[in-house]
Amino acid sequence: GINAEYMGNIKQMEDKTGKNEIRKGYVTLLALVLALGGMIYGYSLACLNSSYRIIEKVHGWPHDPIQESFVVSLLAAGGIIGCTTGGALVAMGRRNFILFSCTGVILCSLLTLISSYACLAIGRFLLGIFLGYLSSCTPLYIREISPKEMSGTLGSFFVLFIRGGTLVTYSMSLLLPDYHHVPKNDEWWRIVLGIPIILATIELLFLLLFFRYETPKGSILNNDRIQCLSLIHI
């Protein structure tokens, strides 16, 4: 009887350990997908620095350092607004707010692909706002879904991906054509400005198809205690 009880306890411990490992893997994958928002931010901050002169030449715009500085800085200006106002909008739910922000990133990035300085400027400013939203909500979401022993590691993913996005931008700039030999029909600049669309779409689809839950704290704030209890026991 003692041996049977001992083996039963061992089995329960193994089942619990296996379940914890699956949960940790699930949360880690979710944190990686959410951190794509950081990669988009880091990428977008730097992508126009290397490509604007080429965009200028392809469209035949006269070179104006003031206009260049203005349109490059608009993303940071929008980001400040997004970060400072995002906290008040998180009340719609952490997950829903991230979905909303990813959709905004896609639409604003599409706007920057139009061959117009005004569309580029407006798109960059609005893109900065939505990226500011992601920057204010994503770390909060990651912290609230992370087990206590993993919160530090998973919380660093977003910042790590911001640096990774900047690195990707400067790596891609090596593939840009030489400014003095840019063909009039060159479309590489659209690829450079369109990368955020791909990253935001990946994040959006993963959240819609595989990660369908709000955080426990978000569920409480939305008065959904049943979902909160079910998430705690996952």
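Let's talk about a nonpolar patch on the surface
So, step 1. On the surface, L205, L208, L209 and F210 cluster together into a nonpolar patch covering about 380 Å² of accessible area.
So, step 2. Here L209 lies in helix α8 (residues 188-209).

Some details on empty space enclosed by the protein
So, step 1. Within this structure, the stated rule accounts for one cavity of 30 Å³ or more.
So, step 2. Estimated volume of the largest cavity: approximately 40 Å³.
So, step 3. Along the walls of the largest cavity sit S44, C47, T112, R124, L127, L193 and P196, which together make up its complete lining.
So, step 4. Listing elements by their share of the lining of the largest cavity, those giving two or more residues are α2 (36-59), α5 (117-145) and α8.
So, step 5. Per-class residue counts for the lining of the largest cavity are four nonpolar, two polar and one charged.

A look at the pattern of salt bridges
So, step 1. A full pass over the atoms with the stated rule returns three salt bridges.
So, step 2. Put simply, K24 and E149 hold a salt bridge, and the shortest N to O gap is 3.7 Å. Residue K24 is found in helix α1 (residues 2-34), and its partner E149 is found in the loop between α5 and α6 (151-155); the two are separated by 125 residues along the sequence.
So, step 3. Classification of E149 by relative accessible area gives exposed; the value is 56%.
So, step 4. Its salt-bridge partner being E56, residue R53 comes within 3.5 Å of it at the nearest N-O pair. In this pair, R53 and E56 both sit in helix α2, three residues apart, roughly one turn of the helix.

Thresholds applied
Residues numbered from 1 in each chain as written. Predicted model: local features only at pLDDT ≥ 70, side-chain atom pairs only at ≥ 80, totals over all residues. Heavy atoms only, no water. Patch = residues over 30% accessible without salt bridge, like charges linked within 9 Å, V, L, I, M, F, W, Y side chains within 5 Å. Areas by Shrake-Rupley, 256 points an atom, 1.4 Å probe, with all protein chains shown as cover. Salt bridge = Lys/Arg side-chain N within 4 Å of Asp/Glu carboxyl O. Helix = DSSP H or I, 4+ residues; strand = E, 2+ residues; numbered from the N terminus. 1 Å grid on protein atoms, 1.4 Å probe; cavity = no way out; pocket = protein on both sides within 12 Å on 5 of 7 lines; lining within 4 Å. Points joined across faces, edges and corners; volume = space filled by probe spheres on them. Nonpolar A, V, L, I, M, F, W, Y, C, P; charged D, E, K, R; others polar. Buried < 20%, exposed > 50% of the residue type's maximum accessible area, 1.4 Å probe, protein only.

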